[in-house]
Amino acid sequence: MPGVLLDLLANAAVPLKLTLKVALTATAGACAAGIGAGYALSRRGLPGRELLDALCTLPLVLPPTVIGYYLLVVFGRRGVVGKWLEETFDVSLVFTWQGAALAASLVAFPLVCKAARTAFEGVDQSLENAARTLGAREGRVFLRVSLPLAWRGIVAGTMLALARAMGEFGATLMLAGNLPGRTQTLSLAVYEAVQAGRDDEAAFLVVLTSLVCIALLLASGRLLGRRVF
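Residues numbered from 1 in each chain as written. Predicted model: local features only at pLDDT ≥ 70, side-chain atom pairs only at ≥ 80, totals over all residues. Heavy atoms only, no water.

Caption draft 1: Highlighting the overall build of the chain. Looking only at helices and strands, one finds 10 helices and 0 strands in the chain. Expressed as lengths along the three principal axes of its C-alpha atoms, the size of the chain is roughly 65 × 45 × 30 Å. Taking all 229 residues of the chain together, the buried fraction comes to 41%. In the chain, the proportion of contacts linking residues at least 24 apart, taken out of those at least 6 apart, comes to 72%. Of the accessible surface of the chain, which amounts to about 12700 Å², a share of 67% is contributed by carbon and sulfur atoms. With 21 positive and 15 negative side-chain charges, the chain shows a separation of 10 Å between the mean positions of the two kinds. (Helix = DSSP H or I, 4+ residues; strand = E, 2+ residues; numbered from the N terminus. Buried < 20%, exposed > 50% of the residue type's maximum accessible area, 1.4 Å probe, protein only. Contact = heavy atoms within 4.5 Å. Areas by Shrake-Rupley, 256 points an atom, 1.4 Å probe, with all protein chains shown as cover. Lys, Arg positive; Asp, Glu negative; His and termini not counted. Charge placed at Lys NZ, Arg CZ, Asp CG, Glu CD.)

As structure tokens, then:
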């Protein structure tokens, strides 16, 4: 039994490492874009705000395979961006872990965006206006007033995005494929193990993935439970 467990751990080490790399990269991208989009959507004078909000939320409700198809159309070797990247920089995102990170980032983006918008809308605008009255520019108001007051909601959205990126399957499979050691994350490894009839390996990977996600959510809860001052 210990030998079997060690073999399962050894087989899971590579997809686990790749999953963490893809998820962390995807979360960083989703966080950067989501905070900016959430802040913009929280401004009441933004034209077409609700339509833009719907577009930002779209990856959350579309089937992952549809998102993957869109990514292939744009970033595939014949896509507008993908063709330009390959011709200009000799870079292709198809069948790469970077492509998997891009797909996971797009799927996780709405979680950060929605949380950031809600958090920024909860900031007392009188404090922002007071900073502007004192001569602070918009960038400084954002960094010194809005962002520090909205950090709890942003962190919550970021942690949820990280957990979502770790479990991404459909869009990742469409763009990056399922190549062991290159693009095979834990969720893809579970799929392959089930298809191959390796039930013990699939069950172990499912438990491992669940434990990692639970650990992330617990860490998020503890972080958000701390007082700022």
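Caption draft 2: Structural view of the nonpolar core. Ranked by internal contacts, the top residues of the largest apolar core, which has 42 residues, are I35 and F120. Only helix 1 (2-42), helix 5 (97-121), helix 7 (138-166), helix 9 (186-195) and helix 10 (199-225) provide two or more residues apiece to this core. With 12 residues, helix 1 is the single largest residue contributor to this core. Discounting chain neighbours no more than four positions away, the residues touching F120 are I35, G38, Y39, S42, R43, F142, S146, L147, A150 and I154. Counting residues in hydrophobic clusters, the runner-up holds 7 residues, among them I67, L71, V94 and A171. (Core = buried A, V, L, I, M, F, W, Y, C linked by side-chain atoms within 4.5 Å.)

Caption draft 3: Main features of the environment of D200. Of note, D200 is situated in helix 10. The spatial distance from the C-alpha of D200 to the C-alpha of L8 is 8.6 Å, given a sequence separation of 192 residues.

Caption draft 4: Geometry of the environment of V145. Assignment of secondary structure puts V145 in helix 7. On the basis of relative accessible area, V145 is assigned to the buried category, the value being 15%. Considering only alpha carbons, one finds V145 and V123, 22 residues apart in sequence, at a separation of 8.7 Å. Setting aside anything within four residues of it in sequence, one finds V145 in contact with L127, E128, A131 and R140.

Caption draft 5: Spotlight on the packing of helix 6 (residues 125-133) against helix 7. Contact pair helix 6 / helix 7: the axes reach a minimum separation of 10 Å and the direction vectors enclose 150°. Viewed along their axes, helix 6 and helix 7 adopt a mutual orientation that is roughly antiparallel. Once helix 6 is placed against helix 7, the crossing between them reads as right-handed. Of the residues in helix 7, those touching helix 6 at L127, E128, A131 and R132 are E138, V141, V145, S146 and L149. A per-class count over the contact of helix 6 with helix 7 returns 5 nonpolar, 1 polar and 3 charged. (Axes fitted to C-alpha atoms, helices over the stretch in contact; angles between N-to-C directions. Parallel < 35°, antiparallel > 145°, perpendicular 65-115°, else oblique. Left-handed = near helix turned anticlockwise from the far one by under 90°. Nonpolar A, V, L, I, M, F, W, Y, C, P; charged D, E, K, R; others polar.)

Caption draft 6: Summary view of the side chain of T27. Residue placement: T27 occurs in helix 1. In this structure T27 touches T158, A161, L162 and A165, once residues within four positions along its chain are discounted.

Caption draft 7: Quick peek at the side chain of D53. Mapped onto the elements, D53 comes out in helix 2 (residues 49-61). Take D53: its relative accessible area is 8%, and that puts it in the buried class. Of note is the side chain of D53, whose polar atom sits 3.1 Å from the side chain of R117. Those residues in contact with D53 that sit more than four places away from it in its chain are L41, K114 and R117. (Polar contact = N/O pair within 3.5 Å; in protein donor to acceptor, adjacent residues only side chain to side chain.)

Caption draft 8: Inspection of the pattern of salt bridges at higher detail. Inspection of every chain in the model, using the stated rule, returns 11 salt bridges. The closest approach of N and O atoms between E121 and R49, which form a salt bridge, is 3.7 Å. With a gap of 72 residues between them, E121 in helix 5 and R49 in helix 2 connect regions that are remote in the sequence. Overall, E121 belongs to the partly exposed group, its relative accessible area being 41%. Across the salt bridge formed by E50 and R117, the nearest N and O atoms sit 3.0 Å from each other. With E50 in helix 2 and R117 in helix 5, this pair connects stretches of sequence that are 67 residues apart. In this structure E50 comes out as partly exposed when scored by relative accessible area, which is 48%. Shared partners join several salt bridges into a network, and the residues in it are R49, E50, D53, K114, R117 and E121. (Salt bridge = Lys/Arg side-chain N within 4 Å of Asp/Glu carboxyl O.)

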